[in-house]
Amino acid sequence: MKEIDFISNLHKSTKRDYLARVNNKKFPKAKAAELAKKWDFEYWDGDRSINYGGYKYIENRWDFVINNLCEFYALPEEAKILDIGCGKGFFLYDLMKLKPMFEVKGIDISKYAIENSKPEIKENLIVGNATQLPWPDNYFDLAVSFNTLHNLYSFELEKALKEMERVGKNKYLCVESYRNENEKANLLYWQVTCEAFNTPEEWEWWFKKTNYNGEYSFIYFE
């Protein structure tokens, strides 16, 4: 288990106005969070004040991440890959294009996201919860989770980390975190679905508690 960053370049490519979101009059923060946590249209394709403001596919956005993951984990030619919190399946679609021999699966709590996923990948995606993954032990050569597990309450997070450890021979996850009061405030201003507000040290405590032995990284709202 070690920290290794595959994601922060994507995270930093988006500009964020923290105060504009928290002071929004049309969608006050509490209202935005209430709508976002339905994981429906408003979360993905509704007003930017609520969340994504239109979650669209960007050609080859994930290629750099995919190539680094494949190299780091020395994945075989016919690797099995799971994306926990797959959303509309954009990562898996790019993965399928680059590695057509891979078996790719995705799971997400959002029925809307699965129904509005890339048509080419939809049959590989299911609606479900990270706390109960419907696959056998060690089924996947790599299980990944990008910016999802921080949305779980503590009693769910423990189950999800154990499940991820169970199904994946290799694991990589990325979650939101903060290192100082400024980043904590920005995270509080920006997030609409986060339930696990943990410092890196607290996240590492969770990993040890649940025997999660995969790699991990954090994104910060600087």
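What counts as what
Residues numbered from 1 in each chain as written. Predicted model: local features only at pLDDT ≥ 70, side-chain atom pairs only at ≥ 80, totals over all residues. Heavy atoms only, no water. Core = buried A, V, L, I, M, F, W, Y, C linked by side-chain atoms within 4.5 Å. Buried < 20%, exposed > 50% of the residue type's maximum accessible area, 1.4 Å probe, protein only. Helix = DSSP H or I, 4+ residues; strand = E, 2+ residues; numbered from the N terminus. Pairing = 2+ DSSP bridges. Axes fitted to C-alpha atoms, helices over the stretch in contact; angles between N-to-C directions. Contact = heavy atoms within 4.5 Å. Patch = residues over 30% accessible without salt bridge, like charges linked within 9 Å, V, L, I, M, F, W, Y side chains within 5 Å. Areas by Shrake-Rupley, 256 points an atom, 1.4 Å probe, with all protein chains shown as cover. Salt bridge = Lys/Arg side-chain N within 4 Å of Asp/Glu carboxyl O. Phe/Tyr/Trp six-rings, centres within 6.5 Å; stacked < 30°, edge-to-face > 60°.

Which residues make up the nonpolar core, and what values do they have?
Core analysis: the biggest nonpolar cluster contains 29 residues, and I7, W62, L69, F91 and Y172 have the highest contact counts within it. For this core, the elements supplying multiple residues, two or more each, are helix 5 (63-73), helix 6 (90-98), strand 4 (142-146) and strand 5 (171-176). With 25 residues, the next largest nonpolar core counts L82, I107, A160 and V167 among its residues.

So what's going on with the sheet that holds strand 3 (residues 125-127)? Residues and values would help.
Strand order in the open sheet formed by 6 strands is 3-2-1-4-5-6, and the pairing between neighbours is parallel. Since the sheet does not close on itself, it has two edges, and those belong to strand 3 and strand 6 (215-219), each with one partner. Within the sheet, the average angular offset between the axes of one strand and its neighbour, ignoring direction, is 15 degrees. With 5 bridges connecting them, strand 5 and strand 6 associate as parallel partners. Its bridge partner being in strand 6, V175 is matched across the sheet by F218. The sheet strands contacting helix 10 (residues 200-209) are strand 5 and strand 6, and the helix crosses strand 6 at an angle near 150 degrees.

Hey, could you go over the pairing of strand 4 for me, with residue numbers and the actual values?
Extensive coverage of strand 4 is indicated by the burial of 5 of its 5 residues. Along strand 4, one buried face is formed by L142, V144 and F146 and the opposite face, lined by A143 and S145, is buried too. Of the pairings in the sheet, the one linking strand 1 (residues 80-84) to strand 4 comprises 3 bridges and is parallel in character. Each residue of the ladder has a partner; that of I81, found in strand 4, is L142. Pairing geometry for strand 4 and strand 5, over 4 bridges, is parallel. From the neighbouring strand, F146 faces strand 5, where its bridge partner is C174.

Quick rundown of unusual backbone geometry? Include the residues and the values.
Even without being glycine, N147 reaches a positive phi, approximately 55 degrees. As for its placement among the helices and strands, N147 is situated in the loop between strand 4 and helix 8 (154-167). The phi dihedral of N211 is positive, around 60 degrees, even though this residue is not glycine. Locating N211 in the fold gives a position in the loop between helix 10 and strand 6.

How would you explain a nonpolar patch on the surface if you had to name every residue and give the values?
On the surface, L19, L188 and Y189 cluster together into a nonpolar patch covering about 260 Å² of accessible area. Counting through the fold element by element, Y189 comes out in helix 9 (residues 181-190). Relative accessible area serves as the criterion here: at 31%, Y189 is assigned to the partly exposed category.

Residues and numbers for the pairing of strand 6, please.
Where a strand is regular, its side chains alternate between the two sheet faces. Strand 6 sits mainly inside the fold: 5 of its 5 residues count as buried. Across the two faces of strand 6 the burial is the same, with E215, S217 and I219 and Y216 and F218 all buried.

Give a description of the packing of aromatic side chains that names residues and reports values.
Within the structure shown, the criterion is met by 28 aromatic pairs. Ring geometry for Y18 versus W190: centroids 6.0 Å apart, planes at 85 degrees, classification edge-to-face. Of this pair, Y18 sits in helix 2 (residues 18-22) while W190 is found in helix 9, placing the two residues 172 residues apart along the sequence. Take W190: its relative accessible area is 12%, and that puts it in the buried class. When the ring of W44 is compared with that of Y52, the centres are 5.6 Å apart and the planes differ by 15 degrees; the resulting orientation is stacked. Residue Y52 is classed as partly exposed on the basis of its relative accessible area of 32%. Connected via pairs of aromatic rings, a cluster forms that spans W39, Y43, W44, Y52, Y55, Y57, F90 and Y93.

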